[in-house]
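Close look at the chain arrangement
Listed below, chain by chain, are the residues.
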Amino acid sequence: MNVRHAGNPAGLKLVAIVFFLLFIDQSAFAVPPTDSIRVTVTEGTNLAAALSPDKKTIVFDLQGTLWTLPATGGNARPVTDALGDSRQPTWSPDGNTIAYHAFYDGDYHIYTVRKDGSHRQQLTTGLSDNREPHWSPDGKSLIFASDRGNNYDIWQLTLDGGKLTQLTTDPANQYNPAFSADGQQIVYVSERADAPGLYIRDASGEEKQVVSTTGKLAAPMWSPDGRQILYNVFTRTRSGLDAVTLATGQTRPVTNATDDVFPFRVSWFSGDVYLLAVNGKLRKATLRQPAGTDIPFRATVALAKRTYTRKTYDFNSATLQPVLGIKGPCVSPDGKQIAFAALGDLWLLTIGNPKPAQLTNDAFAETDPAFSPDGTKLAFMSDRNGNMDVWVRTLATGDEQCLVDVPDELHFLSWSPDGSKLAFYQADPRNAWGRSTLFIADAKTGQFEKRHESLFVPSQPSWSPDGKMLALSALQVYSSRYREGISEILLVSLDGKPDRAVSPEQGRSLGSRSKNGPVWSPDGAMMAYIQDGLLWVVTTDGSGNLTGQPRVLTTELAEAPTWTADAKRLVFLATDRLKQVVVADGRTEAIPLDLTYRLPQSTAQTVIHAGRLFDGRSATYQTNVDILITGNRIRAIEPHKAGRSGQLIDASDKTVMPGLFECHTHQHAMSGEQLGRLWLSFGITSLREPGADPYDALERKEAWSTNRRPGPRQFFTGGLTDGRRIYYGAAVSVLTPEHLDRELNRAVRLNYDMIKTYVRLPDAMQQRITTFAHAHGMPVSSHEIYPAMSYQVDAVEHIGGTSRRGYSPKISAVNRTYGDVIQLLAASQMNITPTASLQGGFNTMVAKDSNLLKNRQYRTFFSEAYTIRLLTESAQLPKLYPGYLDNFGSLQKTLKALVVAGAHVTTGTDSPFVPYGLSLHTELQSFVGGGLSPYEALRSATLWAAEAVGVANDLGSIEPGKLADLVVVTGDPLTRIEDARKVEVVVKNGTVYTIDQLLTRPVAGR
């Protein structure tokens, strides 16, 4: 791997600084407005604390702000602002200055600030992360962990002059350093494969291991006499503090087994009296008396009241609407036609005639069109045989044949230059956001072979002109300690040579890893790609080496570039229209496209005779009533009367309830037409998708809304709006104000339902996004709670979930959440979708109820091989992730505490990481297992979800005037939540589907 991250390009750093200065909201530093919501918290989740040298003052981090506190307790005072995500403070020996790491510009750097909050100074720069500082006893230097060498090592910064010295060089990660009291030694954690544990390095550079373990360690700290080291150890059921006696090597626990010790350094009051953060509190304890004494604190924060107006929806519009879900456009070699997928079918546009010809017309999903090099054939993906396979169409005759038929889903086709082969990916089962394996098939026989081990969400491959190499965009991580990195060009040799990674610009990520390049020009002279949302080209030689300076071709957002055979033009999506650019001079031309759709209109009468009706508002049933539906809306709910006109659904011995919302899922076209039927079969009539390829999501949304394919309502956003480092293929790395403006403009023009910001996005940028989104009626969500809620971010995903910090501000290592999180979520009314199924709920519920994997919906849509794999992975989870299942009860207690406190909680599962559809029901069971009533659980999946999405006027409950989205189930879900999955009939937008219809595949050719 050839990753170039260690440098410090001045231009890139300047861009980041300018962005911060332009878009930071200076009101964040001012006195909060008088109408703000003030919350005083007395507990903190994953606090880090340090005691001043004079033992009089404590500094601690609480939700990304540093606070000081008298060592005896009392009112805490902030010494940093809220936008820096300031963490893990350490005192200078003279007690005047605090060092810490912070995230102002999108990388973690070491900062110092005076104890009164003045004179903030940034000490490190560059593209690396720098974390966990610790001050030398003489005050002349700081040690810290940094990934500037492509893995984490310990570095030392001399404060006078800024000299940087690398102290450790092992290829494994080293981190959490601490000086001994005499300054002659340091201790740190090492992940070296042959001997992980705690290591000591002396002044001569000699290293020795002092604690050996295969478990997870953190935050070692010397005792004042240098004879012991205290450190955090995390096992399956415990996050505690252990001590090692250096003379003997003996280790022992020094905290109680039930304590939840946060993974940060202790500080010392005296020889055996220390300060630690545990169980949400600050504690003064001794080595002999671990129970110790709590040091009370009160920290008051201000939250803004929500004041913006949400966007409105017209679910009854009868007007023609332009198709926006133009997926995977591909230009013909002669540059005269463009093939693309939309509304579930393939289309062929002849440039100059805006009306495209429809190539396929069936109930299945066709996608990924690719012209053969001679232009006579079109390869594409279709699920006509039950899963996404490779098909080839002869354009002159319309004849089609299935070339590659395998059980797993295939995607991202690419012809070899001579037309003899097709490259494609086979995705890991049911995980569109996971890994994919590269295959190459013979274009005549369909025989195929694997040509590369699986890659994490790679882009569409592009062939070199000689057919000996493939170029694709792949994730290159900075270190194995954290998962983020940048998307670079990966050159895959087909003759056995090692892969090579190259990058047009150091430290800059390519566009989202879908169809955004690299795309090799047919003559081999250039590669086209997306960066900063724009279309670029760079010259290259026959081996894939980048030989020239990158050149930008567009000034507007570009997506999915494809070359004409003469390498003179590139066709691309310009947000919501097709365009082409002349490579020589950058001249851009619009390509007219006239493709529209209309929402179905119906005046049909439907009567549902409900024996029991859960309307989504009342905790009790209405009984023996008729739900009268005209077209797509509920006209009335009246006592049952025989003989009413219209289609009768007899649910006199069943329960009718509102259609369910899945509030956190990610999807992909490779799941095919069956995905919509799967959702509906589990009673799920609405989806919230917080992260997707926007054109993929729009194609699906438009196909479902027009009944081209049966499926639920979809509320979506585009890619994950992230910072310089990214992870998922759908992530968009945004570094400049101009790029952000382009992405926000796309959100409006493509009519996003929300914006999702991701974990490496600085708070100042997230604040700017939130202001824009609210001005256009769109909510914003992220993985963050504070300070996000202080500037009105609407929602947070996961009670745990990915965090840039390596630990969560919402939940501890043993799944406990403390008062700060509960209070802030309740007071702010920020919606939380905890995804309990993802974080142990699904596996816990399956272990308790084996019938979960035997219900008819699951057996229809999920293969036996997938089930075996699922069960195998579930059995491995406790070993791979200690505490994953053992501490799930603590997470359930948090769910209960949130609802009791008045927080707004909705159901979502982060499928496909857990199975689509079924996981929502394990989410409901997890809620009830944690002490919520079935009514509260169902309300979180109906009315509360509709409120979070912004559609409670139309959805979420069964009331006159609302849309006819409802489910008929057998049983009594208000008593037994498991009955909610016993679906018999689903009505979505007034269209009635029986369970048998939903479980039956369409017939090919019809």
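Residues numbered from 1 in each chain as written. Predicted model: local features only at pLDDT ≥ 70, side-chain atom pairs only at ≥ 80, totals over all residues. Heavy atoms only, no water.

With that out of the way, let us pick up the packing of aromatic side chains. Under the definition given, this model contains 26 aromatic pairs. Consider the rings of Phe-262 and Tyr-818, whose centres lie 5.8 Å apart with planes at 70 degrees: the pair is edge-to-face. Residue Phe-262 is located in the loop between β22 (251-253) and β23 (267-268), and its partner Tyr-818 is located in the loop between β65 (795-797) and α6 (819-828); the two are separated by 556 residues in the primary sequence. In this structure, Phe-262 and Tyr-818 share a single accessibility class: buried. Ring plane angle 45 degrees and centroid distance 5.9 Å describe the contact between Phe-456 and Tyr-728, whose orientation is recorded as tilted. One end of the pair, Phe-456, is in strand β40 (residues 448-456); the other, Tyr-728, is in the loop between β61 (720-722) and β62 (731-733), and 272 residues separate them in sequence. When sorted by exposure, Phe-456 lands in the same class as Tyr-728, which is buried. Ring pairs connect the aromatic residues Phe-456, Tyr-727, Tyr-728, Tyr-758 and Phe-913, which therefore count as one cluster. Sitting over the face of the ring of Tyr-482, Arg-131 holds its NZ or CZ atom 4.1 Å from the ring centroid. (Phe/Tyr/Trp six-rings, centres within 6.5 Å; stacked < 30°, edge-to-face > 60°. Helix = DSSP H or I, 4+ residues; strand = E, 2+ residues; numbered from the N terminus. Buried < 20%, exposed > 50% of the residue type's maximum accessible area, 1.4 Å probe, protein only. Lys NZ or Arg CZ within 6 Å of the ring centre and 35° of its normal.)

Counting 134 residues, the largest nonpolar core has Ile-58, Phe-60, Leu-282, Leu-825 and Leu-938 as the members making the most contacts within it. Apart from the residues lying within four places of it in its own chain, the contact partners of Leu-825 are Ile-785, Met-789, Val-796, Met-830, Ile-832, Leu-898 and Ala-903. Formed by 38 residues, the second largest nonpolar core is a distinct cluster that contains Tyr-152, Ile-200, Trp-222 and Val-278. (Core = buried A, V, L, I, M, F, W, Y, C linked by side-chain atoms within 4.5 Å. Contact = heavy atoms within 4.5 Å.)

Scanning the model with the defined rule gives 60 salt bridges in all. Between Arg-577 and Asp-576 there is a salt bridge; the shortest N-O distance is 3.3 Å. On the accessibility criterion, Arg-577 (43% relative accessible area) is partly exposed. Relative accessible area serves as the criterion here: at 27%, Asp-576 is assigned to the partly exposed category. One salt bridge connects Arg-976 with Asp-979, and the closest N-O pair in it is separated by 3.3 Å. Under the relative-accessibility criterion, Arg-976 is labelled partly exposed at 41%. Since its relative accessible area comes to 6%, Asp-979 is described here as buried. Salt bridges linked by common partners bring Asp-107, Asp-129, Arg-131, Asp-147, Arg-724, Arg-725 and Arg-760 together as one network. (Salt bridge = Lys/Arg side-chain N within 4 Å of Asp/Glu carboxyl O.)

Next up on the list: the side chain of Asp-345. The residue Asp-345 is located in strand β31 (residues 345-350) in this model. Engagement of the side chain of Asp-345 in a polar contact is seen with the side chain of Gln-358, the distance being 3.2 Å. In contact with Asp-345, not counting residues within four places along its chain, are Phe-340, Gln-358, Thr-360, Asn-361, Asp-362, Glu-366 and Arg-708. (Polar contact = N/O pair within 3.5 Å; in protein donor to acceptor, adjacent residues only side chain to side chain.)

All right, on to the pairing of strand β37 (residues 410-415) then. Along a regular strand, successive side chains alternate from one face of the sheet to the other. Counting buried positions along β37 gives six out of six residues, so the element sits mostly inside the fold. In terms of strand pairing, β37 meets strand β38 (residues 421-427) through four bridges, oriented antiparallel. Of the residues in β38, the one forming a bridge with Leu-410 is Gln-426. Here β37 folds back onto β38, and the loop between the two strands holds five residues, one of which, Gly-419, carries a positive phi near 75 degrees. (Pairing = 2+ DSSP bridges.)

Our focus in this paragraph is the sheet that holds β37. Spatially, four strands are ordered β37-β38-β39-β40 in an open sheet, and the strand pairing comes out antiparallel. Among the strands making up the open sheet, the edge pair consists of β37 and β40. The mean inter-strand angle of the sheet, taken between neighbouring strand axes irrespective of direction, is 20 degrees. Of the strand pairs in this sheet, strand β39 (residues 435-442) and β40 are connected by six bridges, and their pairing is antiparallel. By the bridge assignment, Leu-438 is partnered in β40 with His-452. (Axes fitted to C-alpha atoms, helices over the stretch in contact; angles between N-to-C directions.)

That bond from Tyr-786 to Pro-787 is cis: its omega, 10 degrees, falls within 30 degrees of zero. With respect to the helices, strands and loops of the structure, Pro-787 is situated in the loop between β64 (780-782) and β65. In this model, Ser-911 is joined to Pro-912 through a cis peptide bond whose omega is 20 degrees. Turning to its location among the elements, Pro-912 is positioned in the loop between α10 (888-901) and α11 (918-929).

Let's shift gears to the packing of helix α4 (residues 737-749) against helix α5 (residues 763-775). For the pair α4 and α5, the least separation of the axes is 11 Å and the interaxial angle reads 35 degrees. The hand of the α4/α5 crossing is right-handed. Residues Leu-740, Asp-741, Leu-744 and Val-748 of α4 form the contact with α5, whose participating residues are Met-765, Arg-768, Ile-769 and Phe-772. Of the residues that constitute the contact of α4 with α5, the class distribution is six nonpolar, no polar and two charged. (Left-handed = near helix turned anticlockwise from the far one by under 90°. Nonpolar A, V, L, I, M, F, W, Y, C, P; charged D, E, K, R; others polar.)

Looking now at α10. Residues separated by three or four positions in an α-helix point in the same direction, a consequence of the helix having 3.6 residues per turn. Between its terminal C-alpha atoms α10 stretches 20 Å, which fits the 20 Å expected from 14 residues at 1.5 Å a residue. Every buried residue belonging to α10 is among Phe-888, Leu-891, Gln-892, Thr-894, Leu-895, Leu-898 and Val-899, and all of these are buried. The buried residues of α10 all sit within an arc of 150 degrees when viewed along its axis, so they share a single face. Of the residues in α10, the exposed ones pointing more than 90 degrees away from the buried face are Lys-893 and Val-900. Where the residues of α10 are buried, they touch α6, β66 (831-833), α7 (837-848), α11, α12 (934-940) and α13 (943-949). Positive phi appears at Gly-902, one or two residues downstream of α10, with a value of about 95 degrees. (Expected span 1.5 Å × (residues − 1). Arc of directions from axis to C-beta.)

Another aspect to go through is the sheet that holds strand β67 (residues 966-969). Strand order in the open sheet formed by seven strands is β56-β55-β54-β57-β67-β68-β69, with mixed pairing between adjacent strands. Where the open sheet ends on each side, the last strands, each with one partner, are β56 (633-639) and β69 (991-994). When the angles between neighbouring strand axes are averaged without regard to direction, this sheet yields 35 degrees. As judged from the four bridges shared by β67 and strand β68 (residues 983-988), these two strands associate in the antiparallel manner. Each residue of the ladder has a partner; that of Val-969, found in β68, is Val-983.

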